[in-house]
Amino acid sequence: MAVQDMRKVKPLLELEDVSVIFERRQGLFSEPTKIGAVVDVNFGIYPGEVVALVGESGCGKTTLGNVVTGLQKPTHGKLSYNGVDLAKMNKQQLQEFRRGVQMVQQDSYAALNPMRTIYQSLSAPILQKKIVKKKDVFQRVCELLSTVELNPPEQFLYKYPHQLSGGQRQRVLMARAISLNPKIIVADEPVSMIDVSLRISILNLMASLNKKMDIAFIYITHDLSTAKYIAQNGRIAVMYLGKLAEIGNVRQVLANPKHPYLQALLSAVPVPDPKVAKGNRSIPLKNFDMPSPANPPKGCRLHPRCPYAEARCETVEPQLTRVDASEVACHRASEIPAWNLVPAQ
Ligand SMILES: Nc1ncnc2c1ncn2[C@@H]1O[C@H](COP(=O)(O)OP(=O)(O)OP(=O)(O)O)[C@@H](O)[C@H]1O
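Remember, it's a predicted structure, so these values are computed and weren't measured experimentally. (Residues numbered from 1 in each chain as written. Predicted model: local features only at pLDDT ≥ 70, side-chain atom pairs only at ≥ 80, totals over all residues.)

Draft legend 1. Here's a closer look at the sheet that holds strand S4 (residues 76-81). Strand order across the open sheet formed by 4 strands is S2-S1-S4-S5, with antiparallel pairing between neighbours. For this open sheet the edge positions go to strand S2 (33-45) and strand S5 (84-85), each flanked by a neighbour on one side alone. Here S4 runs beside S5; their pairing, made up of 2 bridges, is antiparallel. Paired with tyrosine 81 across the bridge in S5 is valine 84. (Pairing = 2+ DSSP bridges. Helix = DSSP H or I, 4+ residues; strand = E, 2+ residues; numbered from the N terminus.)

Below you can see the structure in the form of structure tokens.
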């Protein structure tokens, strides 16, 4: 769905001022350290769209994904599905939410019960949620395996997870996620543990499920190239230290990144063509280490690393504001030079 069309549609799922603060104790009697894994995030997911959620390790992507699936309760803020606040849902609405929002994990081996065959793993949720009549479950499981391109299904039904390759197990996880006819799938680094040669086929499978079944995807990754590939017509949301730094249409944002952090991430991506690489301006962050979310910098969280930081960045926290095609949390977003200054020859 194009970004301009989305403004006319209500989000399927919405996060309003959502924060997740973990408490970690060093010793039994020590004061707990508060870790702001997700801080004041506002974000909506529209029917059938693809959003790539990107950022460095530890920036809060998985925690945000867990909030969306209901696995992690926000410490503050509100999560609504179909316009209803999750905290106020009745039993039936809660069941609808649990069916409607599914997750595909990074580690397919850990996500599947090693003692169960693929048929047992896929039939259990269908039986439990009474998706089809008992006599049709076998047929449904075969259809699911075909949909995720595990053909012929009979070859996979009675295998155990360890008898499948990483890519095949990831397809089984996709089959399990779609078995309940979800509206949203959160895929957390689904290709990072499988062979590079197989990654593209799993990304293509997700793209085809998005198109054919109109399932919205939140694709969590630290890899900008796969984010660009999967969210071709969708949005990208860039996280930094628990907060959204920039969000917008993936093509427009990556062609004209506004936030210095995204510019730095992009300039760190190796470019095989020297002509193209020459055209990209390098944005050196002042240091490589992300500060601890237990003690985030005041003002703009990037300011100690940002080459454009000025006095107000040290004290005033920037809010997401529209600048051209993106929403950007940077005081200087409209002033700093474009990332791709020199046109490639
Ligand atoms: N259960 C928890 N208890 C305490 N701290 C946690 C917990 N889960 C996550 N954190 C902390 O919250 C921050 C965000 O973690 P999260 O896993 O969401 O980041 P991420 O961007 O998904 O990282 P990665 O890509 O490495 O998985 C990290 O500092 C992490 O150590």
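Draft legend 2. How the structure looks around the site of the ligand. Taken together, 14 residues sit near the ligand, with Phe22, Ala37, Ser57, Thr62 and Thr63 positioned nearest. If you list the elements that add at least two residues to the shell around the ligand, you get strand S1 (13-24), S2 and helix H2 (61-69). Per-element accounting of the shell around the ligand gives the leading share, 3 residues, to H2. Grouping the constituent residues of the shell around the ligand by class yields 5 nonpolar, 7 polar and 2 charged. (Near = placed C-beta within 6 Å. Nonpolar A, V, L, I, M, F, W, Y, C, P; charged D, E, K, R; others polar.)

Draft legend 3. The arrangement of the confidence of the model for the protein in detail. Put simply, the protein has an average pLDDT of 90, and 92% of its residues get 70 or more. Quick note on the complex model: pTM equals 0.91, ipTM equals 0.96. (pLDDT = per-residue confidence, 0-100.)

Draft legend 4. The sheet that holds strand S7 (residues 184-188), seen in detail. Taken in spatial order, the 8 strands of this open sheet run S6-S7-S8-S3-S9-S10-S12-S11, and their pairing is mixed. Two strands in the sheet have a free side with no partner beyond their single neighbour: strand S6 (101-104) and strand S11 (321-323). When strand polarity is set aside, the average angle formed by the axes of neighbouring strands in this sheet is 20°. Pairing between strand S3 (residues 50-54) and strand S8 (residues 216-221): 5 bridges, direction parallel. When the sheet's bridge partners are listed, valine 50 is paired in S8 with phenylalanine 217. Along the sheet, helix H8 (residues 166-178) makes contact with S6 and S7, crossing S6 at roughly 175°. (Axes fitted to C-alpha atoms, helices over the stretch in contact; angles between N-to-C directions. Contact = placed C-beta atoms within 7 Å.)

Draft legend 5. Structural context of the UniProt feature "domain: ABC transporter" (unreviewed entry) in the protein. Taken from the UniProt record, the annotation "domain: ABC transporter" (unreviewed entry) applies to residues 13-266. This span, residues 13-266, is 39% helix and 26% strand, and a straight line between its end C-alpha atoms measures 29 Å. (UniProt positions renumbered as here; feature names shortened; annotations may be inferred.)

Draft legend 6. Examining helix H9 (residues 196-213) more closely. Compared with the 26 Å implied by 1.5 Å per residue over 18 residues, the 26 Å span of H9 between its first and last C-alpha is a close match. Ile202, Met206, Leu209 and Asn210 are the residues of H9 that are buried. Buried residues along H9 cover an arc of 100° about the axis, so they all sit on one side. Facing away from the buried side of H9 by more than 90 degrees, the exposed set consists of Ser197, Ile200, Lys211 and Lys212. Along its buried surface, H9 packs onto S3, H8, S7, S8 and helix H10 (224-230). Just past H9, the residue aspartate 214 takes up positive phi, approximately 55°. (Expected span 1.5 Å × (residues − 1). Buried ≥ 20, exposed ≤ 12 C-beta atoms within 10 Å, placed from the backbone. Arc of directions from axis to C-beta.)

Draft legend 7. Here's a closer look at the nonpolar core. Core analysis: the biggest nonpolar cluster contains 82 residues, and Ala52, Leu53, Ile184, Ile218, Tyr219 and Ile236 have the highest contact counts within it. For this core, the element with the most residues is S2, which contributes 6 residues. Excluding residues that lie within four positions of it along the chain, isoleucine 236 makes contacts with Ala52, Val54, Ala227, Ala231, Gly248, Val250, Val253 and Leu254. (Core = buried A, V, L, I, M, F, W, Y, C linked by C-beta atoms within 7 Å.)

Draft legend 8. Structural context of H2. With 7 of 9 residues buried, H2 is to be regarded as a mostly interior element. Following H2 by one or two positions, glycine 70 adopts a phi angle in the positive range, close to 85°.

Draft legend 9. View of the packing of H8 against H9. Interhelical geometry of H8 versus H9 gives an angle of 15° and a closest axis separation of 10 Å. Accordingly, the angle class assigned to the pair H8 and H9 is roughly parallel. The chirality of how H8 crosses H9 is right-handed. Residues Gly167, Gln170, Arg171, Met174 and Ile178 of H8 pack against Leu198, Ser201, Ile202, Leu205, Leu209 and Met213 of H9. (Parallel < 35°, antiparallel > 145°, perpendicular 65-115°, else oblique. Left-handed = near helix turned anticlockwise from the far one by under 90°.)

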